[in-house]
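# Coordinate analysis (summary)
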Amino acid sequence: LELASPELRNLDSENKKAVLKLIRELSMFDGKVDLIELIVMIMVEVDTATDSQREVKHRFKTLLQLNSQAVLIYGLLARHGNDGIETRTAAFNDTISFTGLPVCEFPQLKGLRYSQIKDALLSLRLASADVQNKFIAGCMRCALFDNKINLNEYELLRMIAKIIEY
């Protein structure tokens, strides 16, 4: 994907749409989207975005303004980075406390849609640099809760960073 990234950016709009359609169809072929398929879909969508879609206006000045989006992403990281519900919940709660967000329940991730994750990440992209730094610090805290980073956490962190910086 990293090797294809520059070429994806240079495609004309018709070919970009065709690539996105093909990626979505392949990802949803079996009726469900796993984590790696989700990451590929979002990263290809980012790489094929137009310049006007890349324009950033910093609308959010506090992480609290993005509470539901941050909670969703922190929950996703905790879910895919820790074994067992107790460890996942502890990692999530530690992250929420670290970032100063209000105490909340571990998010329900079953039935989560691709568009919800993408929209949450794109909203976080509209945050000020200080808010983005605090959010990324929370992501790292969540990922390192068990003192190791697995492949799913690594790919999630890479996707989050790419979306925020594109």
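The structure reproduced in this document is the subject of the present report.

## Here's the deal with the packing of helix α5 (residues 67-81) against helix α6 (residues 85-99)
At a minimum axis separation of 8 Å, α5 and α6 run at an interaxial angle of 145°. α6 is crossed by α5, and the crossing has right-handed handedness. Each of Val 71, Tyr 74, Gly 75, Ala 78 and Arg 79 in α5 lies in contact with α6, whose residues at this interface are Arg 88, Ala 91, Phe 92, Thr 95, Ile 96 and Thr 99. By residue class, the composition of the contact of α5 with α6 is 6 nonpolar, 3 polar and 2 charged.

## With respect to the environment of Gln 69
Relative to the helices and strands, Gln 69 resides in helix α5. For Gln 69, a relative accessible area of 18% puts it in the buried group. Aside from chain neighbours lying at most four places away, what touches Gln 69 is Ala 120, Ser 123 and Leu 124.

## Things to note about the packing of helix α3 (residues 35-47) against helix α9 (residues 151-165)
Running from N to C, α3 and α9 cross one another at 20°; their axes reach a closest spacing of 10 Å. The pairing of α3 with α9 is recorded here as roughly parallel in orientation. Crossing geometry of α3 relative to α9 is assigned as left-handed. Mapping the contact onto sequence places Leu 35, Ile 36, Ile 39, Ile 42, Met 43, Val 46 and Asp 47 in α3 and Asn 152, Glu 155, Leu 156, Arg 158, Met 159, Lys 162 and Ile 163 in α9.

So, how was this worked out
- Residues numbered from 1 in each chain as written.
- Predicted model: local features only at pLDDT ≥ 70, side-chain atom pairs only at ≥ 80, totals over all residues.
- Heavy atoms only, no water.
- Axes fitted to C-alpha atoms, helices over the stretch in contact; angles between N-to-C directions.
- Helix = DSSP H or I, 4+ residues; strand = E, 2+ residues; numbered from the N terminus.
- Left-handed = near helix turned anticlockwise from the far one by under 90°.
- Contact = heavy atoms within 4.5 Å.
- Nonpolar A, V, L, I, M, F, W, Y, C, P; charged D, E, K, R; others polar.
- Buried < 20%, exposed > 50% of the residue type's maximum accessible area, 1.4 Å probe, protein only.
- Parallel < 35°, antiparallel > 145°, perpendicular 65-115°, else oblique.

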